[in-house]
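Given next are the chains, with one letter for each unit.
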Amino acid sequence: MSTNSTSSSHETVPPEDIPESPGGEAGRQGGHSHSHSGPLDLDEGEVRRVRIVLGAIVGALVVATVIGLFVLWPGKSSLIGSRSFTAEGGSVGKATITSVDLSSCQDAVSALTEVNGVKQEDFSKGHVCARVTEGEGKGLVMPVQLVGEPRKLAHTGDRLVVLYSPQAILSGSPYSFIDYQRQLPVGALTIVYLVLVVAVAGRKGVLSVLGLLVATGVLAFFMIPAILSGSHPLAVTMVGSMAMMLAAVYVAHGVSIRTTTALLGTVAGIVLTVLLALWGTDAAHLTGDVDETARLLASRTHIDLQALLTCGMVIAGLGVLNDVTITQASSVWELHAANPLLSRTRLFTGGMRIGRDHIASTVYTLAFAYAGTALPLILAAALMDRAVLDTMLSGEIAEEIVRTLISSIGLVLAIPATTAIAAVLCRVTPVLDD
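The following refers to the structure shown. The structure presented is a predicted model; accordingly, all values stated were derived computationally and were not measured. (Residues numbered from 1 in each chain as written. Predicted model: local features only at pLDDT ≥ 70, side-chain atom pairs only at ≥ 80, totals over all residues. Heavy atoms only, no water.)

With that settled, the discussion passes to the overall build of the chain. Each helix and strand in the chain was counted, giving 16 helices and five strands. Per-residue burial over the chain gives 42% buried out of 434 residues. Restricting to contacts in the chain with at least 6 residues of sequence separation, those with at least 24 account for 75%. Summed over its atoms, the accessible surface of the chain is roughly 22,800 Å², and 65% of this surface lies on carbon and sulfur atoms. (Helix = DSSP H or I, 4+ residues; strand = E, 2+ residues; numbered from the N terminus. Buried < 20%, exposed > 50% of the residue type's maximum accessible area, 1.4 Å probe, protein only. Contact = heavy atoms within 4.5 Å. Areas by Shrake-Rupley, 256 points an atom, 1.4 Å probe, with all protein chains shown as cover.)

Attention now moves to the sheet that holds strand β1 (residues 91-99). Spatial ordering of the closed barrel is given by β1-β2-β3-β5-β4, a layout of five strands whose pairing is mixed. If you compare each strand with its neighbour and ignore which way they point, the axes differ by 55° on average. Here β1 pairs with strand β4 (residues 159-164) via six bridges, running antiparallel. Its bridge partner lying in β4, G93 is registered against V162. (Pairing = 2+ DSSP bridges. Axes fitted to C-alpha atoms, helices over the stretch in contact; angles between N-to-C directions.)

What follows is about the packing of aromatic side chains. Tallied over the full model, the rule gives three aromatic pairs. Summarising the aromatic geometry, the rings of W73 and F222 are spaced 5.7 Å apart at their centres and angled 20° between planes, so their arrangement reads as stacked. Taken as a pair, W73 in the loop between α3 (44-72) and β1 and F222 in helix α8 (residues 203-228) lie far apart in primary sequence, 149 residues in all. Geometrically, the ring pair formed by Y164 and Y175 is tilted, given 5.2 Å between the ring centres and 50° between the ring planes. Taken together, the residues Y164 in strand β4 and Y175 in strand β5 (residues 175-180) connect sequence positions 11 residues apart. You'll find Y164 and Y175 in the same group, each marked buried. (Phe/Tyr/Trp six-rings, centres within 6.5 Å; stacked < 30°, edge-to-face > 60°.)

If you look at the biggest cluster of nonpolar residues, it comprises 49 residues, and the most contacted ones within it are F222, V236, M244, I270 and L347. Secondary structure elements with two or more residues in this core: α3, α8, α9 (233-253), α10 (257-283), α12 (305-338), α13 (344-373) and α16 (395-425). By residue number, the principal contributor to this core is α9, which donates nine residues. F222 has contacts with L69, L72, W73, P74, G217, V236, V239 and G240, leaving out every residue within four places of it along the chain. Counting 22 residues, the second largest nonpolar core, distinct from the first, contains V144, L160, F177 and Y180. (Core = buried A, V, L, I, M, F, W, Y, C linked by side-chain atoms within 4.5 Å.)

This is how it looks when you write it as structure tokens:
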């Protein structure tokens, strides 16, 4: 990049933001040659002090995160797997549909209807025939109870997850539908995603996927078990979020002042989002108890649903928050690389011009993402003969609105914070320091 710094500066920074070097053309040539090593006034002592301060800050974050992980680690007290999935005597198996009517399992249907006294025409309305490929009755072609929306999607050859319940033999088929097997399509999409990320982003793509795996591991093996073990959801979320960001940012982007700038901006955004979420959920009287899943969770655990709602707001915004801080830090560094003579003030204003575009796109990205997730809820609410404002402020929809607003405010404030930190730090960083 440094070999093209003169031309790059005219593309990235408006002419009025490029200070004239002393000595006219000769000065510009001198500035160009010096841009290989960094700013003209780069002071080694200041660089050393900045690295020490940043190292101390990041070190404190790492130590606090490790202590938090140690204190909150769930151990064997987690409730994961503590509830049986099936009733006593039942088991989960797998099957493949052989026909969407009962033509391929007439013998089994005749035997079952004889036992329970149900007419075959009534029996056929809610059943398909399927060969059991795993579990109780492996190899048999049996009727499987399949009703509602899943029945509309059923085709011969589809693979099912089924529940075997011997008690049900007196009222119908002992096999009932649980879900479709989705390993093949989901696996194929995963492979396509990984191949494209690596093909387009190369080494950065590989590292970003590795960072994603580490962050997912933190969520799956620490945060979920810790919350289910009774630890306070907000404490778990703060520690888990820091662990995910430390791992994901440094694994994906390497250890540098630029990356640390993005991390500090992300931390600022997380803190702001947490504070806003705490205030917003309380001020708007959001309970988190808005659907059957939440009520089921509350009935089987002692989790504070309002605190869990707050945590969900923080986790939902982590990915986009990290994206905008990384992009914003990189933008300021590129401006600095294009013209190392730019002052911190001009680096900040130039970075914020880019940041404003980022804010505009990110805000409606979040809004559309939440609207898409809550679309069935919005449509169901729209069926009611109720004032629009009352519908929008009902508990279920208000939750999504507050979630969007809080995440968006956190993102908006994280951008100037990251830009300011980057404008200060990049002036004491060699241009080629990645």
